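# Examining the three-dimensional arrangement
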Amino acid sequence: MASRAEPTSGAGPPEAGGRRDWRDVARDAADLALLGILLTLAAVPLLTAAAAAGTASAAVHDWTRTGSWPSARTTVRRFGRSVLPGAPVSLLALVGAALLAADLAALATGRVPGGPAALLVTVLIAASLAGYAGLVVVEVGGNGGGRWRASARSAARACLDVPTRWAALTGVVALAGLLAVLVTPVAVPILAGYTVAALHAVAGRPSLATGATPSPELP
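A brief structural summary. (Residues numbered from 1 in each chain as written. Predicted model: local features only at pLDDT ≥ 70, side-chain atom pairs only at ≥ 80, totals over all residues. Heavy atoms only, no water.)

Our next topic: the packing of helix H4 (residues 115-142) against helix H7 (residues 188-203). Packing of H4 against H7 leaves a shortest axis separation of 9 Å and a crossing angle of 90°. Between H4 and H7, the angle is such that the two are roughly perpendicular. From H4, Gly134, Leu135 and Val138 reach across to H7, where they touch Leu199, His200 and Ala203. The residue inventory of the contact of H4 with H7, partitioned by class, reads 4 nonpolar, 2 polar and no charged. (Axes fitted to C-alpha atoms, helices over the stretch in contact; angles between N-to-C directions. Helix = DSSP H or I, 4+ residues; strand = E, 2+ residues; numbered from the N terminus. Parallel < 35°, antiparallel > 145°, perpendicular 65-115°, else oblique. Contact = heavy atoms within 4.5 Å. Nonpolar A, V, L, I, M, F, W, Y, C, P; charged D, E, K, R; others polar.)

Our focus in this paragraph is helix H5 (residues 148-161). Given a rise of 1.5 Å per residue, 14 residues ought to cover 20 Å, and the 20 Å separating the end C-alpha atoms of H5 matches this to within 8%. Every buried residue of H5 is accounted for by Trp148, Ala150, Ser151, Ser154, Ala155, Ala158 and Cys159. All buried residues of H5 fall inside an arc of 165° around its axis, so they share one side. In H5, the exposed residues that point more than 90 degrees away from the buried face are Arg149 and Leu160. Each element contacted by the buried residues of H5 is listed here: helix H2 (49-66), helix H3 (72-108), H4 and helix H6 (163-182). (Expected span 1.5 Å × (residues − 1). Buried < 20%, exposed > 50% of the residue type's maximum accessible area, 1.4 Å probe, protein only. Arc of directions from axis to C-beta.)

Moving on, we come to a nonpolar patch on the surface. A cluster of nonpolar side chains, Leu34, Ile37, Leu38, Leu41, Val44, Ile190 and Tyr194, forms an exposed patch at the surface whose accessible area comes to about 590 Å². Put simply, the parts of the chain that give the nonpolar patch at least two residues each are helix H1 (22-43) and H7. Looking at the nonpolar patch element by element, the count peaks at 4 residues for H1. Here Ile37 shows up in helix H1. (Patch = residues over 30% accessible without salt bridge, like charges linked within 9 Å, V, L, I, M, F, W, Y side chains within 5 Å. Areas by Shrake-Rupley, 256 points an atom, 1.4 Å probe, with all protein chains shown as cover. Salt bridge = Lys/Arg side-chain N within 4 Å of Asp/Glu carboxyl O.)

In this section: the side chain of His200. Following the sequence through the fold, His200 ends up in helix H7. A distance of 2.8 Å separates the side chain of His200 from the side chain of Ser57, its partner in a polar contact. (Polar contact = N/O pair within 3.5 Å; in protein donor to acceptor, adjacent residues only side chain to side chain.)

Here it is, written out as structure tokens:
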């Protein structure tokens, strides 16, 4: 993954007139696609899913802040130290997703009472939880790929403080889920990288827990 940082002359900021051409956009797209593929491969054992998502989020955090991707050594180190702490998170997320999916399936097929109203409420709850989970992933990225408990608390406060951001993140996750159903399965890993980047872009502040200033927009 190449750096996007442009060299500057002197001690001043980059020139305001600098423009990025199609090659920069194509390089960014390829980098995010590679990120998604690596994330998916790292998450294949399932219990490493949280560590993979946190490491990918940390990489996107660095990219949006500095214009450069972290080194392979840094990424591997982050992943390695996140596997064990992230295993309970992965298990909790998998169990929660399975229970919600079973509930939705039962409501949709009429095996449990409630009808369309209960189905709609359940869908909204599931989408809201997914949006919250997306913000947790962003928070974890700002914490170097770890500190899930602190990130979960900070994300909960952020959702309550700025419900519109929570709604926007929910929309991002919902759109990603819809696209994952519509696109060919081989493209789903690529979509994962773009989803992480979109979550960071919408969240605006990937390090809410540390009180960092808002991150720049994705190019």
